[in-house]
Structures are given as structure tokens and as C-alpha cells.
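Working through the structure, step by step
Each chain, letter by letter, is given below.
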Amino acid sequence: NNTGAPLLESEYKAVFISGSVGNYPAVNLADNLSRKASENTIGIVTENIGSGDLGFVTTQGLVRNVDMSTYTAGDTLYLGAANGVLVNTPPTPPALTVIMGYVIDNSATTGSLYVNVRSGFEYPQYAIGYNLSNHTASIANTETLIDIDTPQVQSGITLVDNSKFTVSTPGLYEFTMISQINRVASSGTAAMYFWMKKNGTDVPSSNNNIDITGNTGTAATILNRNLVIVLEEDDYIQFYWSTSDLDMILKYTAASSTPTRPATPAVKITATRLS
């Protein structure tokens, strides 16, 4: 018992392997918010174990004479968010899913649960955001941050400060940005550049450059770019652009009719955790 406090059989807490003491695995209270404390979960405490003492943990099988009265027989029990507690509601991102077992008898005194620990289940993590107004650059040939004024959905990936797609779980992520480019005046050729930053630093080889040639209202195109990157917990991604001609904008088009059709965002960014 490496928790620094007694572990009680009556509390049937979930524990994970946090290290070792001599030839024995050391355990601490598990939780579903950190990868180590969830993936390394091994079972349920099934006897009183003093701090620093040895004791038994059930890794699979029936645990008897525990209070299951808050549950219903047949409930699936999941690892909770803190202190090794069990819950009967599946966690949502950014929490990780660990199935601890099943309620067999929901009695308060002779209750029982069948322990069968399974981890590795994760809900999809994603975020979608729009810019529903014209997006302009104030200075030519200078980086301009793309902001998001309308977050649409967020699950495990959070939009911070209207621009930072911030992840809660390490993994491989895909970002897709779609933008409608238009020219409000001028003519000739304008150069435009689009790239991403990770934690405020340019991502190597992430730039796309586009040359737009045409007069007012005729030089229009749709930018559709896809980027895949490895991120750690709390990393964030932002998108930037620049243009040689301030008459180039990322254009918003309102909903319209004939036929009835939805609005076109100036920018739409989708973030998805792949694995």
C-alpha cells in the first residue's frame, strides 16, 4: 500500500500499480483522468491494508459482503475520477474508460460485485469551430491569427482564447481547415500563406501558399487543408495566415434563399484525435 493511508476492504477502492517496493508491486488509488492511473489499474482492495503494508487485491473474481445498495444488479461499474471510487455511469472525455466489473447483488450488507478489469476504451475526441464574419489582415505580409468566434462542439478537445485547440490526451491528431477566400478590391496577383503553430511555435513544413489572380469579387477560391500531428496533454494548435494584399479576406457568406441554403463560414476548423 503506497497511498500513505490505510486501504479499507469495506470501501472496495480501485488501485493501480504505481511502482514497486522490494519484490512487490506498489499500488495507489486509481482514477480515470490520467493515463497511468487508469491503464495500470489492476483490481479492487479486498482486505484492510495499512500504509506501507502488504495485502490482497482482487484482479478478477467475486468480491462479497460490500455495500452495493446505490447500484442496481447488473450495472456495469467504471473507474471514477478520483480516489479509486467506482461509478455506474460511463465517463465522458477527457476521462478515460476503465470497466472494473459488474454488480451481482445490490444488498447493503451482503452485496457483491464481479471484478473483471478492462481498459483501453476511449470515446472519440473532437472539436469544431467557425468564424462567422469576414476575417481580415490589418498589416500586409504579417502573420495574422485565425480566431474562432463560434465553437460548435467540443469533446476532449477544448477551444481556449478563441483560437487554441487544446488537447487533453496524448495522441495523433488531425486538423482540417476550410476557408472561403475572396478579393474585395484591387487586381493582379496576391500571395497568401496559411500555417499552424504548436504551443506558439511554427510547425515545420505546415505552410501552404496560394497565389490569387483576379479583380474584385472574381478572385475567389476555397482553401481546404489537412494536417496530422502528434500532441501531448495540454498542447494546443493555432492557425495563422498572411497576405501581400489587404484586399484579400477570408469571407463569410450569410444564409440565403433560392434555393434555401446555410451560411458559409469564413473559416471552419475541425480537430479529431485519431489514436
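Up top is the structure these notes are about.
Presented here is a report on the structure given in the accompanying data block. (Residues numbered from 1 in each chain as written. Predicted model: local features only at pLDDT ≥ 70, side-chain atom pairs only at ≥ 80, totals over all residues. Heavy atoms only, no water.)

Here we come to the layout of surface pockets. Of the pockets and cavities examined, the largest pocket occupies roughly 300 Å³. What lines the largest pocket is a set of 14 residues, among which Asn-1, Tyr-24, Pro-25, Asp-53 and Leu-54 lie closest to the centre. Sorting elements by how many residues they give to the lining of the largest pocket places strand β2 (residues 24-29) first, with four residues. Class assignment of the residues belonging to the lining of the largest pocket gives a composition of nine nonpolar, four polar and one charged. (1 Å grid on protein atoms, 1.4 Å probe; cavity = no way out; pocket = protein on both sides within 12 Å on 5 of 7 lines; lining within 4 Å. Points joined across faces, edges and corners; volume = space filled by probe spheres on them. Helix = DSSP H or I, 4+ residues; strand = E, 2+ residues; numbered from the N terminus. Nonpolar A, V, L, I, M, F, W, Y, C, P; charged D, E, K, R; others polar.)

Of all hydrophobic cores here, the largest spans 32 residues; its most connected members are Phe-165, Phe-175, Phe-194, Phe-239 and Leu-250. Counting residues in hydrophobic clusters, the runner-up holds 18 residues, among them Ala-30, Met-68, Leu-86 and Leu-113. (Core = buried A, V, L, I, M, F, W, Y, C linked by side-chain atoms within 4.5 Å. Buried < 20%, exposed > 50% of the residue type's maximum accessible area, 1.4 Å probe, protein only.)

As a further point, take unusual backbone geometry. With omega at -5°, the peptide bond leading from Thr-258 into Pro-259 counts as cis. Despite not being glycine, Ser-186 shows a phi value in the positive range, around 75°. Here Ser-186 shows up in the loop between β15 (171-183) and β16 (189-198). A positive phi angle is found at Asp-234, which is not glycine, with a value near 75°. With respect to the helices and strands, Asp-234 occurs in the loop between β19 (221-231) and β20 (236-243). By relative accessible area, Asp-234 is classed as exposed at 53%.

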